[in-house]
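What the coordinates show
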Amino acid sequence: MFENLDALLLARIQFAFTVSFHFFFPAFSIGLASYLAVLEGLWLKTGKSVYLDLFKYWLKIFAIAFAMGVVSGIVMSYQFGTNWSVFSDKAGPVIGPLMAYEVLTAFFLEAGFLGVMLFGMNKVGKKLHFAATLMVALGTFVSAFWILSVNSWMQTPTGFEIGANGQFLPGPSWWDIVFNPSFPYRLVHTVMAAYLTTAFVVGAVGAWHLLKDKANPHARKMFSMAMWMAAIVTPAQIFAGDMHGLNTLEHQPAKVMAMEGHYQSHPNGAPLILFGIPDSEAKTVRYAIEIPKASSLILKHDLNAPLAGLDTIPDDEEPPVGMVFWSFRIMVGIGFAMLGIGLWSLWGRVRGRLYDMPWLHRAAVLMGPSGFAAVLAGWITTEVGRQPYVIYGLLRTADAASPLDAPAVAASLLAFILVYFTVFGIGVWYILKLMGHAPHAGEYGVKRGDTGPIRTAGITPGPTQNPGGEDTLPTHAPDEKEPV
Amino acid sequence: MDLTVVWAFIIAFAVFAYVVMDGFDLGIGILFPTFAAGRERDRAMNSIAPVWDGNETWLVLGGGGLFAAFPLAYAVILPATYPLIIAMLLGLVFRGVAFEYRWRDPGHQAFWDKAFTGGSFVAALAQGMTLGALLQGIEVEGRAYAGSWWDWLTPYTLLTGLGTVAGYALLGATWLIWKLDGEEQAHARKLAIRWGAATIVLMGAVSLYNIALNADYAARWLSAPEIYYVAPVPILTAIVALSMLRAILKDRNSKPFWLGIALFFLGMSGLGVTIWPYAVPEALTIWDAAAPYRSQSFMLVGVALTLPLIIAYTAWAYWVFRGKVADEGYH
């Protein structure tokens, strides 16, 4: 299947494949962990059972998504060594400690409190349980902090020295390494992307159930919360993305040239190419639809500011233009579609008809997976855009790989593709099945089977199935079909 | 004090913590087919469901710590054992998701139970074989692995792999003696005796093979004056092994489990004696492979601040789910 590919290209495909798959899960679970903390906090504050029901509804989904994130994440932590050993040897002294801090301050925190969060409510009481939920949410954020610092350092390396043996060594200040120039922008942009990804999934599930029953109070609550996020966070995200772009222009201009499709320099104001087909052979964008001078306006805040193009970059230092150009447009397009949904929901809210707008609900369902697409497109933009370097300007991707034989990498790549599509495909299907159940009063938590003699038929839930003292709620009719 | 030595002990501690903590999780996975479908399997899995994720995190600390503190060793060992590492990772994928997936669809439960066992077995075997591949030596040229991609497959690595599988199964069975009662406990006891005996035999076989494998290893254990320092390890191992078998037959709670851990501790100490001071035997000492002082000291601050906390809240999480597993599981 891969006999014509060399070991380097196979290793690159394998890394791209495994990291893209992995990224979907934290992109969802970072936001969902925070959402669960908000729901549990609101339940503790107001005592309203709708929040507890929603907490339990999303907790089941979180458990599956988190497990997929963990197992695909461990693959990443070893793949630096298995497939990129030259990079690991050279960059280990600088980025290794940051990743060790991620394990110490984030992974243990998440994993240590996850068990209590999932199964411990009737063992530790409400307040300690809430504390555990907060720790898990904090852990997901801290994890993003460290790994994005690592990624940012690879994009905009600072604070290092080069050793006699060719290794990158830490300079006197770790602050300069951790808070490298692109890190604050990347962190804000990525974490907001994770929040939006979750918000649009929650919004889609709410909208789906509103379309079936617009009176469902649980669906209403989650839809409303998600639409507030869409309306407030999307504009902030567009602003943050713009700032990130300006930062990239300063530190990685070739990436911005590829995003903009600027093969040529424009001394008197560069056009904003909306669409077109980049042709790297001819070094031009064919069939371009462009707004004159608008690119200079956006990037330099001056209609006539000169902008350099890829003609100023040696050919062997240019990123592949087509992928960067297209993935950037997909990301931006989705961002503005998200903004549209947010504004539409505000308009509905003003008119008091938020739960009564089937076309908004249909659009929200359609936009459910949009966050994942945007996150992936953004990731491709930034990762392909920094090629041909793995450490920008200093270490080429081609010089960073392990000395492995092509058949070994081909076999592992094939195995990853088969296993990931099967295992994670099934996991996503289980999540969709859970989402297909209407949220209702007396929602179950994460259940671990009906093994006791009392419930051999799985019909009458025992008292312990409703943690948090909700056993006495009279509104609850056990749903036999609810997956346990 | 030499930070490189400190870091060698920190990595060794992380690996030890991983081996015993995920060891009993993986062991339960390996033993899973011998449990009756239904109540017995559910209880066995429920006994580790709240803690497996934290247990597995020690593997990330071991790997991540190696990357950070000994990047050259990380960059040599992982390509040398490439197929084993990939197999372990994929095994852990199946094992990890099975915890959630087996409850999602009754029609798929039998399949995910098999995935749980298969994943646990493959991960355990691959980990043991990786250890064997490291001990038997790795070809290094300059700063890179220089062997072929099948060097890791030898009778010796198969032996270390099987030894690890048996040891994990032993830990899993002793954990279940602690967490279960009644008929299920009696079943765990039977398994623990069987796998305990297998573990002891395989540990002995690996130790003898080590001595035959490499003249330096033999000198480490058999020549004076070293023999006086290292002799307590095999003697203590024999004492612990016998006490453990006794406890398995008699004790109703945690004693067999703790003695199983002691057995692992002694086994790892023996490996430490064998391999010291190399990160990759005969090729790279820990000082050859070490990250610079600035990397080591920066991380050491983090370890000093967080590791006590990690141990505290991990202990708390275990405490929350203490005692015998209830029928209905944790929720």
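**What to know about the overall build of chain A**
Helix and strand counts for chain A stand at 14 helices and 6 strands. The C-alpha atoms of chain A give a radius of gyration of 24 Å, which matches the 23 Å a tight globule of 484 residues would have. Dimensions of chain A, computed from the C-alpha atoms along their principal axes, are close to 70 × 55 × 50 Å. Residues counted as buried form 52% of the 484 residues belonging to chain A. Across chain A, every contact between residues at least 6 apart in sequence was considered, and the portion connecting residues at least 24 apart equals 75%.

**Re the overall build of chain B**
Check the secondary structure of chain B and you find 14 helices and 4 strands. Viewed in the frame of its principal axes, chain B has a C-alpha envelope of about 55 × 40 × 40 Å. A separation of at least 24 residues holds for 78% of the contacts in chain B among residues at least 6 apart in sequence.

**Quick notes on the interface of chain B and chain A**
The partner chain A presents 66 residues to the 66 residues of chain B that form the contact. Those elements that place two or more of their residues in the side of chain B that touches chain A are helix H2 (39-46), helix H3 (52-69), helix H4 (71-80), helix H5 (82-101), strand E2 (144-145) and helix H14 (293-320) of chain B. When residues of the side of chain B that touches chain A are assigned to their parent elements, the largest contribution, 14 residues, is made by H5(B). Residues that form the side of chain B that touches chain A fall into these classes: 41 nonpolar, 14 polar and 11 charged.

**Section: the packing of helix H5 (residues 126-155) of chain A against helix H7 (residues 183-212) of chain A**
All names here are of chain A. Interhelical geometry of H5 versus H7 gives an angle of 135 degrees and a closest axis separation of 9 Å. Classified by the angle their axes make, H5 and H7 are oblique. As H5 runs across H7, the sense of the crossing is right-handed. Judged by residue contacts, Phe-141, Ala-144, Phe-145, Leu-148, Ser-149, Asn-151 and Ser-152 of H5 engage Phe-183, Arg-186, Leu-187, Thr-190 and Val-191 from H7. In terms of residue class, the contact of H5 with H7 is built from 7 nonpolar, 4 polar and 1 charged.

**Structural notes on the nonpolar core**
By size, the foremost hydrophobic cluster in this structure holds 261 residues, and its most contacted members are B:Phe70, B:Ala73 and B:Val76. Those residues in contact with B:Val76 that sit more than four places away from it in its chain are B:Ile138, B:Val140, B:Ala144, B:Tyr145, B:Val280 and B:Leu284.

**Comments concerning the packing of helix H8 (residues 182-213) of chain B against helix H11 (residues 232-250) of chain B**
Residue and element names in this part refer to chain B. The geometry of H8 relative to H11 is characterised by a closest axis approach of 9 Å and an angle of 165 degrees between their N-to-C directions. When the interaxial angle is binned, H8 and H11 end up roughly antiparallel. Two packed elements cross with a definite hand, and for H8 against H11 that hand is left-handed. Judged by residue contacts, Arg-189, Ala-192, Ile-193, Gly-196 and Ile-200 of H8 engage Ala-241, Met-244, Leu-245 and Ile-248 from H11. Along the lines of polarity and charge, the residues of the contact of H8 with H11 split into 7 nonpolar, 1 polar and 1 charged.

**Considering the pairing of strand E3 (residues 272-279) of chain A**
Residue and element names in this part refer to chain A. Across 6 bridges, E3 lies against strand E4 (residues 284-291) in antiparallel orientation. Looking across to E4, one finds that Pro-278 is bridged to Val-285. From the end of E3 to the start of E4, which pair antiparallel, there are 4 residues, and Lys-283 there has a positive phi angle of about 55 degrees.

**Some remarks on unusual backbone geometry**
The omega torsion of the bond from A:Gln387 to A:Pro388 falls at 5 degrees, within 30 degrees of zero and hence cis. With an omega of 0 degrees, the peptide bond running from B:Trp276 to B:Pro277 counts as cis.

Calculation criteria
Residues numbered from 1 in each chain as written. Chains lettered and ligands numbered in written order. Predicted model: local features only at pLDDT ≥ 70, side-chain atom pairs only at ≥ 80, totals over all residues. Helix = DSSP H or I, 4+ residues; strand = E, 2+ residues; numbered from the N terminus. Rg over C-alpha atoms; globule rule 2.2 N^0.38 Å. Buried ≥ 20, exposed ≤ 12 C-beta atoms within 10 Å, placed from the backbone. Contact = placed C-beta atoms within 7 Å. Nonpolar A, V, L, I, M, F, W, Y, C, P; charged D, E, K, R; others polar. Axes fitted to C-alpha atoms, helices over the stretch in contact; angles between N-to-C directions. Parallel < 35°, antiparallel > 145°, perpendicular 65-115°, else oblique. Left-handed = near helix turned anticlockwise from the far one by under 90°. Core = buried A, V, L, I, M, F, W, Y, C linked by C-beta atoms within 7 Å. Pairing = 2+ DSSP bridges.

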